[in-house]
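Summary of structural features
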Amino acid sequence: MNKPREIGGYYEFERYRGALPHEAALALNCGRGCLLYEIEAYGIKRILLPDYLCDSVAAACKGAGVSVGFYSVGVDFLPAWDFDVAEDQWLYLVDYFGQLSDASVDQAKKIAGERLIVDETQGFFQKPREGVDTLYTTRKYFGVSDGGFLYTDARVDRILEQDESHARMSYLLGRFERPASEFYSEASENNDFFATEPAKRMSLLTENILRSLDYPAIVESRERNYRVLETLVGERNSLDISMPPGPFAYPLLVADGPTARSALAKQGIYVPTLWPNVVESGRVGSAAYEFSRNIMPLPVDQRYQEDDMALIAQALRDEGVL
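Residues numbered from 1 in each chain as written. Predicted model: local features only at pLDDT ≥ 70, side-chain atom pairs only at ≥ 80, totals over all residues. Heavy atoms only, no water.

**A few points about the overall build of the protein**
Counting its secondary structure elements, the protein contains eleven helices and nine strands. Taking 322 residues into account, the globule formula puts the C-alpha radius of gyration at 20 Å, and the protein, at 20 Å, falls close to it. C-alpha extents for the protein along the principal axes are approximately 60 × 55 × 30 Å. Counting all 322 residues of the protein, 50% fall into the buried class. Put simply, of all contacts in the protein between residues at least 6 apart along the chain, 66% involve residues at least 24 apart. About 16,600 Å² of surface is accessible on the protein, with carbon and sulfur atoms providing 50% of the total. Computed over 33 positive and 49 negative side-chain charges, the inter-centroid distance for the protein is 2 Å. (Helix = DSSP H or I, 4+ residues; strand = E, 2+ residues; numbered from the N terminus. Rg over C-alpha atoms; globule rule 2.2 N^0.38 Å. Buried < 20%, exposed > 50% of the residue type's maximum accessible area, 1.4 Å probe, protein only. Contact = heavy atoms within 4.5 Å. Areas by Shrake-Rupley, 256 points an atom, 1.4 Å probe, with all protein chains shown as cover. Lys, Arg positive; Asp, Glu negative; His and termini not counted. Charge placed at Lys NZ, Arg CZ, Asp CG, Glu CD.)

Below is the structure:
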């Protein structure tokens, strides 16, 4: 709904005028909304997804009437390239931890043509490749409750409703002043909220917050923290990785991820599982199972300094993870 014209009264949230990092993209309500927009705009009926992925993506596709197939991800975070893409099928390619190269995108284009979607959920500061539909999400990088960006030339044949996020901000405001554990259930509820949400335009509140951020400083902080962790724990990391711009996290592959996560949580260091549904699938021996169970995406974001990275490394040593 449009906000009525009002003059005077109490102050609202301040208005910011800074540039968005993906100003040329469509600003939508979430990464899932970006995918639903693509499905509707192109009339997608069939899609190939990687086996190392949150089940919400497959659920979104199926909910939109799309037939879903899967391909295997290898130890290099890339498709095994042992499959064909049918003429009426789309390929969904994920940039895991910002490791996707231009050469790999070109290879995907050779087998999928223009029917390719690149998911940059873990590569917010990666630039989109020319002529490739690319989606980004903001909740994985910044203190907002929603938001996504989509680069595409396609357009849906309707006016999108605008999202409103003021009622979903309490867990963010709460964590600003109190421990995260007090608001964990609300944060989870916010994640679950998008399971049934259609594609919408980004909320005014989220866009306003995103216009207030110092993105060069954020990139600098993330890269500094990544380098510190690489120095402290890199020699024990069996993953062959390089630092992308403004990294999502530092992915550390360990022998027993569940035990390591539990041990760190006791010290107030929370490291998620990406993604639990892959472990629950029971495909022991696959790269997807190994990654989901045992990769520790250690936080390197702009909230933290070098001493925080040293604390993480010390906790890993104290708990016998390294």
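Okay, back to it.
**Some remarks on the pattern of salt bridges**
Summed over the entire model, instances satisfying the criterion amount to 15 salt bridges. Close ionic contact of Arg129 with Asp102 constitutes a salt bridge, the shortest N to O distance being 2.9 Å. Of this pair, Arg129 sits in the loop between strand E5 (116-119) and strand E6 (133-137) while Asp102 sits in helix H3 (residues 102-112), and the two are 27 residues apart along the sequence. Arg168 serves as the salt-bridge partner of Asp163, at 2.8 Å between the closest nitrogen and oxygen. Side by side, Asp163 and Arg168 carry an identical accessibility label, which is buried. (Salt bridge = Lys/Arg side-chain N within 4 Å of Asp/Glu carboxyl O.)

**Overview of the side chain of Thr137**
Turning to its location among the elements, Thr137 is positioned in strand E6. Accessibility expressed as a relative area gives 5% for Thr137, which makes it buried.

**Some points on the environment of Phe149**
Tracing the backbone shows Phe149 in strand E7 (residues 148-151). In this structure Phe149 comes out as buried when scored by relative accessible area, which is 0%.

**So, the packing of helix H8 (residues 257-265) against helix H10 (residues 287-294)**
For the pair H8 and H10, the least separation of the axes is 7 Å and the interaxial angle reads 15°. By the angle class used here, H8 and H10 are roughly parallel. On the side of H8, the interface is formed by Gly257, Pro258 and Arg261, while H10 contributes Ser292, Arg293 and Asn294. Considered class by class, the residues forming the contact of H8 with H10 number one nonpolar, three polar and two charged. (Axes fitted to C-alpha atoms, helices over the stretch in contact; angles between N-to-C directions. Parallel < 35°, antiparallel > 145°, perpendicular 65-115°, else oblique. Nonpolar A, V, L, I, M, F, W, Y, C, P; charged D, E, K, R; others polar.)

**Overview of the sheet that holds strand E2 (residues 46-50)**
Pairing is mixed across the open sheet formed by seven strands, whose spatial order is E1-E7-E6-E5-E4-E2-E3. Where the open sheet ends on each side, the last strands, each with one partner, are strand E1 (26-28) and strand E3 (67-71). Sheet twist, expressed as the average angle between the axes of neighbouring strands with direction ignored, equals 25°. Pairing between E2 and strand E4 (residues 89-94): three bridges, direction parallel. Counted as the bridge partner of Ile47 is Trp90 from E4. (Pairing = 2+ DSSP bridges.)

**Section: the nonpolar core**
Membership of the largest hydrophobic core comes to 93 residues, with the highest contact counts inside it found for Tyr52 and Tyr92. Here this core takes seven residues from helix H7 (residues 215-233), the largest share from any one element. In this view, Tyr92 contacts Leu35, Ile47, Leu48, Leu49, Pro50, Leu53, Val57, Tyr71, Ile117, Asp119 and Leu135; residues no more than four positions away in its chain are not counted. (Core = buried A, V, L, I, M, F, W, Y, C linked by side-chain atoms within 4.5 Å.)

**Re the pairing of E7**
Where burial is concerned, the two faces of E7 agree: the one with Gly148 and Leu150 and the one with Phe149 and Tyr151 are both buried. Two strands pair when backbone bridges link them, and E1 and E7 are joined in this way by three bridges, in the antiparallel orientation. Bridge pairing in E7 links Ala27 to Phe149. Pairing of E6 with E7 involves four bridges; the strand directions are antiparallel. Bridge pairing links Thr137 to Gly148 in E7.

**Comments concerning the side chain of Gln122**
Within the secondary structure layout, Gln122 lies in the loop between E5 and E6. For Gln122, a relative accessible area of 4% gives the class buried. Setting aside anything within four residues of it in sequence, one finds Gln122 in contact with Asp95, Tyr96, Phe97, Gly98, Tyr141, Phe248, Leu274 and Trp275.

**Observations regarding unusual backbone geometry**
With omega at 0°, the peptide bond leading from Leu274 into Trp275 counts as cis. Its location among the elements puts Trp275 in the loop between H8 and helix H9 (276-280). Positioned with a positive phi, Trp81 is a non-glycine residue whose angle comes to about 60°. Along the chain, Trp81 turns up in the loop between E3 and E4. Residue Trp81 is classed as partly exposed on the basis of its relative accessible area, which comes to 22%. Its identity as a non-glycine residue notwithstanding, Phe97 has a phi of 55°, on the positive side. Tracing the backbone shows Phe97 in the loop between E4 and H3. The buried category is assigned to Phe97, whose relative accessible area is 2%.

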